[in-house]
Amino acid sequence: MIKQMFLMIWNRKRQNALMMIGVFISFFSLFLVFTTMIYMLSNYLKPLGFEYENVWYINPGWSMEEKDDILETLRQVEYALDTYPEIESYSFSNTFLFIPAATNSRTYLRDGREVNINQGTVGDEFDDVLNIQMLAGRWFDERDNARARPPVVINDQVRDEFFPGKNPVGEIMVNKDGEEVTVIGLIGEFRNSGDFTGSKQMMFHRGTTSMPSDWLDQMDGMFSRILFRVKPGSTRELEQRIQVHINNIAKDWKVKMGRLDEARESANNQTMVLPIIMAIICGFLIINVALGLFGVIWYNTKRRTSEIGLRRALGSTITYVQRQITGEAMVLATFGMIIGLFFALQFPLLGVMGFISSQIYLSAALLSVVIIYAITFLCALYPSSQASRIEPAIALHNE
Amino acid sequence: MIQLSSIEKVYRTDSIETLALTGVNLDVARGEFLSVMGPSGSGKSTLLNIIGLLDSPTSGNIVLAGEKVASYHDRKLAHIRNQKIGFVFQSYHLVNDLSVVDNVEIPLIYRSMSGKERRQRALAALEKVGLSARTKHFPSQLSGGQRQRVAIARAIVGEPEIILADEPTGNLDSVMGQEILAILKSLVKDMGTTIVMVTHDEPIALETDRIVRLFDGSQVN
Ligand SMILES: Nc1ncnc2c1ncn2[C@@H]1O[C@H](COP(=O)(O)OP(=O)(O)O)[C@@H](O)[C@H]1O
Ligand SMILES: [Mg+2]
């Protein structure tokens, strides 16, 4: 029976070609949308690697200033923060927290191979402010003042690339410019771009006000922040008081304040924009293809009234006729999807986007197959019920 | 083989009632070759459709090969059509999208049978009608007489006990008509098939065992 359906579609492949292409295009765009969505969902289920609740930030917004002046003002801001009992800890931070569009990376060498690692420069209390768990070693502190090489903290993803299966603490890493750093600590995930973005390789450098001002060379006032953790339940009123206080200290800075939970929300919204647009376009495509499919199935059923009458005369039951109409539509969809699957398979095979696992591609392809079959089935429902009403005696009447 | 008693068929459309058949009684013996004649609109096709279980009579009884089919439902009727009856139509009714051999296989699709056996039987049926050389052709590549021979191959592929032919020579010239008739006659002779054939052609009808004439839905004898 299935062979019959293949035969009917195959023998009319030229007439059915357009529809197969339509199915192919909608299958493929569904595949892309589902891949994106499943990828984002799988990211969402992973830990962020830090806690953002009750963490506020000051965006200093300094401009062209001597770095010694900046350091001095930063110190005064920190003294000011010390006076608030509501503030539990604070730290300098330059890490693009919840700024998904921005990245800052540097190239390190691994056996002569170049690997880009995301960079952050943060203070000694950074791990306390964000409740970051150490997997090995420790976070920065005063002991790092007198070191031959600058200390860094790396995360799991860097470890897996550079020191697979090893404790990286004490290891030395070299960047493209020949600068060496010593690994002093290991942390887990650090997905600073938001809940829907993937794992990334992260390396932190030390930058605190107790150090000489050199490290401020590469910091800018736009993306630097002073993060601080407040007691739960702290109010907007406190936020305003701090803002006024800081404005008084740093008169030349364009100080802004914010909360990480709000930054997170807007980062997540930003990340959702593209997939939502993709889903809308894909939705329109699918509606079009569904209408097209319905039209083709309907037209084919009408065109074949006498064939259906004949098949009934030769022993086909009503159920069989319905199954044939639906089955042929499914076969048509299958042909379109085979082309689509061929292209979809290239993604995991060629590793086009290596950060997405084959499992995600596979689930997306599977989901797309199910959806296309479901749509096809629905589109065939009405034509097949019409076909089952064909009276063989009338359909076979001599024309 | 075929017993019809007091068959009546009324077609009702919104306003018109057409009496297509009234009080038809017919007994066709096993292995008989019967022709049905009559003017256009006299109910010949209706009669054939009723015998072939494609249409049900408004009243009356049908017994086919010993089975009282009146109360049967779609599945069972389809089964009887498939197993016991072969159809041949004036306009062939071949499926243009299928090759000759695939067309002949159609009745066997509705039986449980391996694809290989289906193919073997279809080729054997095509050989009987002298079309072994055309099995991969499509209907559009054949002449009218060849198409009708394909249709006959399709009718006999399931080895039915009854063949119903509605003006099988109506679209053919007399030479081709004679060929078709010869094939049908050989079926009766070799296989003991029972044939009911509607025809307009008096010489062809005269070559069959018996002629039944219809006029305005009634038998005239
Ligand atoms: N499906 C139908 N609906 C209404 N009237 C029909 C239908 N089929 C046949 N008829 C009518 O029944 C009568 C007999 O038709 P038919 O059996 O086709 O005649 P024949 O085959 O002898 O030319 C005609 O008057 C025809 O118009
Ligand atoms: Mg007729």
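Just so you know, these numbers come straight off a predicted model, no measurement behind them. (Residues numbered from 1 in each chain as written. Chains lettered and ligands numbered in written order. Predicted model: local features only at pLDDT ≥ 70, side-chain atom pairs only at ≥ 80, totals over all residues. Heavy atoms only, no water.)

1. Some words on the overall build of chain B
Stage number 1. Regarding its fold elements, chain B presents seven helices and 10 strands.
Stage number 2. Expected size for 221 residues packed as a compact globule is a radius of gyration near 17 Å; at 17 Å, chain B falls within 12% of this value.
Stage number 3. Here the C-alpha coordinates of chain B stretch approximately 45 × 40 × 35 Å along the principal axes.
Stage number 4. The proportion of buried residues among the 221 residues of chain B is 55%.
Stage number 5. Considering only intrachain contacts with a sequence separation of at least 6, the fraction spanning at least 24 residues in chain B is 71%.
Stage number 6. Here chain B has roughly 9700 Å² of accessible surface; of this, 48% comes from carbon and sulfur atoms.
Stage number 7. Distance between charge centres in chain B, computed from 24 positive and 25 negative side chains, equals 7 Å. (Helix = DSSP H or I, 4+ residues; strand = E, 2+ residues; numbered from the N terminus. Rg over C-alpha atoms; globule rule 2.2 N^0.38 Å. Buried < 20%, exposed > 50% of the residue type's maximum accessible area, 1.4 Å probe, protein only. Contact = heavy atoms within 4.5 Å. Areas by Shrake-Rupley, 256 points an atom, 1.4 Å probe, with all protein chains shown as cover. Lys, Arg positive; Asp, Glu negative; His and termini not counted. Charge placed at Lys NZ, Arg CZ, Asp CG, Glu CD.)

2. Quick notes on the interface of chain B and chain A
Stage number 1. Taken residue by residue, the interface counts 23 residues in chain B and 24 residues in chain A.
Stage number 2. Carbon and sulfur atoms supply 57% of the area buried between chain B and chain A, which totals about 2400 Å² over both sides.
Stage number 3. Looking at the side of chain B facing chain A, the largest losses of area belong to B:His93, B:Asp97 and B:Tyr110, adding up to 29% of the total buried there.
Stage number 4. In this structure, the connection of chain B to chain A is made through three salt bridges.
Stage number 5. Between A:Arg312 and B:Asp74 there is a salt bridge; the shortest N-O distance is 3.0 Å.
Stage number 6. Along the contact surface separating chain B from chain A lie eight residue pairs in polar contact (both at pLDDT 80 or more). (Buried area = accessible area lost by both parts, 1.4 Å probe. Salt bridge = Lys/Arg side-chain N within 4 Å of Asp/Glu carboxyl O. Polar contact = N/O pair within 3.5 Å; in protein donor to acceptor, adjacent residues only side chain to side chain.)

3. Brief notes about the domain arrangement of chain A
All names here are of chain A.
Stage number 1. The domain boundaries assigned to chain A delineate domain 1 (2–46 + 272–395) and domain 2 (61–254).
Stage number 2. The gap between the C-alpha centroids of domain 1 and domain 2 is 51 Å.
Stage number 3. The interface of domain 1 with domain 2 comprises six residues on the first partner and seven residues on the second.
Stage number 4. At the boundary of domain 1 with domain 2, total buried surface from both sides reaches about 580 Å², with 58% on carbon and sulfur atoms.
Stage number 5. On the domain 1 side of the contact with domain 2, Asn 43, Tyr 44 and Lys 46 bury the most area, a combined 68% of that side's loss. (Domains from an automatic or database assignment.)

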